[in-house]
Amino acid sequence: MAEVVSPVPGAGRREPGEVGRARGPPVADPGVALSPQGEIIEGCRLPVLRRNQDNEDEWPLAEILSVKDISGRKLFYVHYIDFNKRLDEWVTHERLDLKKIQFPKKEAKTPTKNGLPGSRPGSPEREVKRKVEVVSPATPVPSETAPASVFPQNGAARRAVAAQPGRKRKSNCLGTDEDSQDSSDGIPSAPRMTGSLVSDRSHDDIVTRMKNIECIELGRHRLKPWYFSPYPQELTTLPVLYLCEFCLKYGRSLKCLQRHLTKCDLRHPPGNEIYRKGTISFFEIDGRKNKSYSQNLCLLAKCFLDHKTLYYDTDPFLFYVMTEYDCKGFHIVGYFSKEKESTEDYNVACILTLPPYQRRGYGKLLIEFSYELSKVEGKTGTPEKPLSDLGLLSYRSYWSQTILEILMGLKSESGERPQITINEISEITSIKKEDVISTLQYLNLINYYKGQYILTLSEDIVDGHERAMLKRLLRIDSKCLHFTPKDWSKRGKW
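Residues numbered from 1 in each chain as written. Predicted model: local features only at pLDDT ≥ 70, side-chain atom pairs only at ≥ 80, totals over all residues. Heavy atoms only, no water.

K.L.:
How should the UniProt feature "active site" (unreviewed entry) in the protein be read in this particular structure?
P.N.:
If you check UniProt for "active site" (unreviewed entry), the listed places come out as Glu384 in our numbering. Within the secondary structure, Glu384 is located in the loop between strand 20 (382–383) and helix 5 (389–408). Overall, the relative accessible area of 1% leaves Glu384 in the buried class. (UniProt positions renumbered as here; feature names shortened; annotations may be inferred. Helix = DSSP H or I, 4+ residues; strand = E, 2+ residues; numbered from the N terminus. Buried < 20%, exposed > 50% of the residue type's maximum accessible area, 1.4 Å probe, protein only.)

Structure, rendered in structure tokens:
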């Protein structure tokens, strides 16, 4: 979500060989029977050999989710504990360390959580964390209308961040593991069942936990999916799934795709082109008028978004697709969706940059465009929760750069320090007030001094911001945007 970067292991990565103690019976060698049937069973945990991002061998602890037999050879689908699900994979018997296997505990009934059947039980570690007393914030939350003085500070910036009221700060505030899915500290995110992102995981069964598509060919790119996507089951056994890059229709073979291309007259996403600058264009697509394209887009996006649950009910949503133009047409780079009517001020429901265009600034461009639309609408907006780990990183970076840009552009009057309120920052940027406050606290800029809130900009913060802005070459030009907001409340059923 947001600016998608190359997969990286989650927080808490173990060093090679550090796998913890085995709780199950010791296994002397692979020839020893591992279960009453003499097989490794689902639910077992054991070290599995893998290559890390430094191309070194390591043995992280993994759980076996499924076992299959192909031509007499067994394959095991494993999930690496404390790693993101996108790293799950099929492995052979040779990569398993059977000497440290942990067997699943037998339970009389299907485990439940919070009374929801079929959901997985919470781990003991998480239950303990929930009971930990929340530490009071070191810095009070500022008033939205009270002005705060802005002045530079000599010396290095402090790295510690004040805890938010009502929330326990996680050790990894960047959210690079799967459990850090909150959009920003200090904003309570209750489960929401009507949008395209749902935090309730009761639907998360053994089928949806496993990747089902091996490879996707989209135009000149081949993509390896990260997560499960509900494509028709007969397509999940194919080595490659072929997609038309303009209408996103899927086919079984290259011949099917070639036959389709002779009939497909699209060279850009359906809908209205509302922005064009250079080779970058944005198209606005109504989920009701272009239902087939919207559904195909959701199926493709689900391959790279773990928390997305909207596939077919696209009527209440608008889709904004970013494309890159060349002589062959407008090629999809990424997209975001938003509800036509949002009671929670959400200006983004799902957001994704496709893997071939990662780490090139397109993610921040999508985020910036979503806030540009909010400015035209005269509203403040915020992304729908929960964000993915990579989406959280991109939003934090965008909020930080945008707010620092405002603060550094303030000019003092009559020799006094410049003053600005939270509301003024929110109105200028269209970033919701809660996100402004959490970002200022995340950057550790807010200080309370003699009854007044002071925003302190250290040299490190200023230098880091200037370096980051030099690398940010792609920006939205508001003069190139041709967008008229619609009042969907007066349009009946959209």
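K.L.:
How do you make sense of the environment of Phe76 when you look at a structure like this?
P.N.:
Tracing the chain through its elements places Phe76 in strand 5 (residues 73–80). The sequence separation of Phe76 and Ser66 amounts to 10 residues, and the corresponding C-alpha distance is 5.9 Å.

K.L.:
How do you make sense of a positive patch on the surface when you look at a structure like this?
P.N.:
On the surface, Lys249, Lys255, Arg259 and Lys263 cluster together into a patch of positive charge. Residue placement: Lys249 occurs in the loop between strand 12 (241–243) and strand 13 (250–251). Look at Lys249 and you get partly exposed, because its relative accessible area is 46%. (Patch = residues over 30% accessible without salt bridge, like charges linked within 9 Å, V, L, I, M, F, W, Y side chains within 5 Å. Areas by Shrake-Rupley, 256 points an atom, 1.4 Å probe, with all protein chains shown as cover. Salt bridge = Lys/Arg side-chain N within 4 Å of Asp/Glu carboxyl O. Lys, Arg positive; Asp, Glu negative; His and termini not counted. Charge placed at Lys NZ, Arg CZ, Asp CG, Glu CD.)

K.L.:
What's the story with helix 5 in this structure? I'm lost.
P.N.:
The periodicity of an α-helix, 3.6 residues per turn, causes residues three or four places apart in sequence to face the same way. Taking 1.5 Å as the rise per residue, helix 5 with 20 residues should run 28 Å; its terminal C-alpha atoms sit 29 Å apart, in good agreement. Taken across its 20 residues, helix 5 has 16 buried, putting it largely inside the fold. (Expected span 1.5 Å × (residues − 1).)

K.L.:
For this particular structure, what's the right way to read the sheet that holds strand 12?
P.N.:
Sheets are built from strands that pair by backbone hydrogen bonding, the pairs being arranged parallel or antiparallel. Pairing is mixed across the open sheet formed by 4 strands, whose spatial order is 11-10-12-13. With partners counted over all chains shown, the strands left at the sheet margins are strand 11 (221–223) and strand 13, one partner each. Across 3 bridges, strand 10 (residues 216–218) lies against strand 11 in antiparallel orientation. Pairing of Ile216 across the sheet is with Leu223, part of strand 11. (Pairing = 2+ DSSP bridges.)

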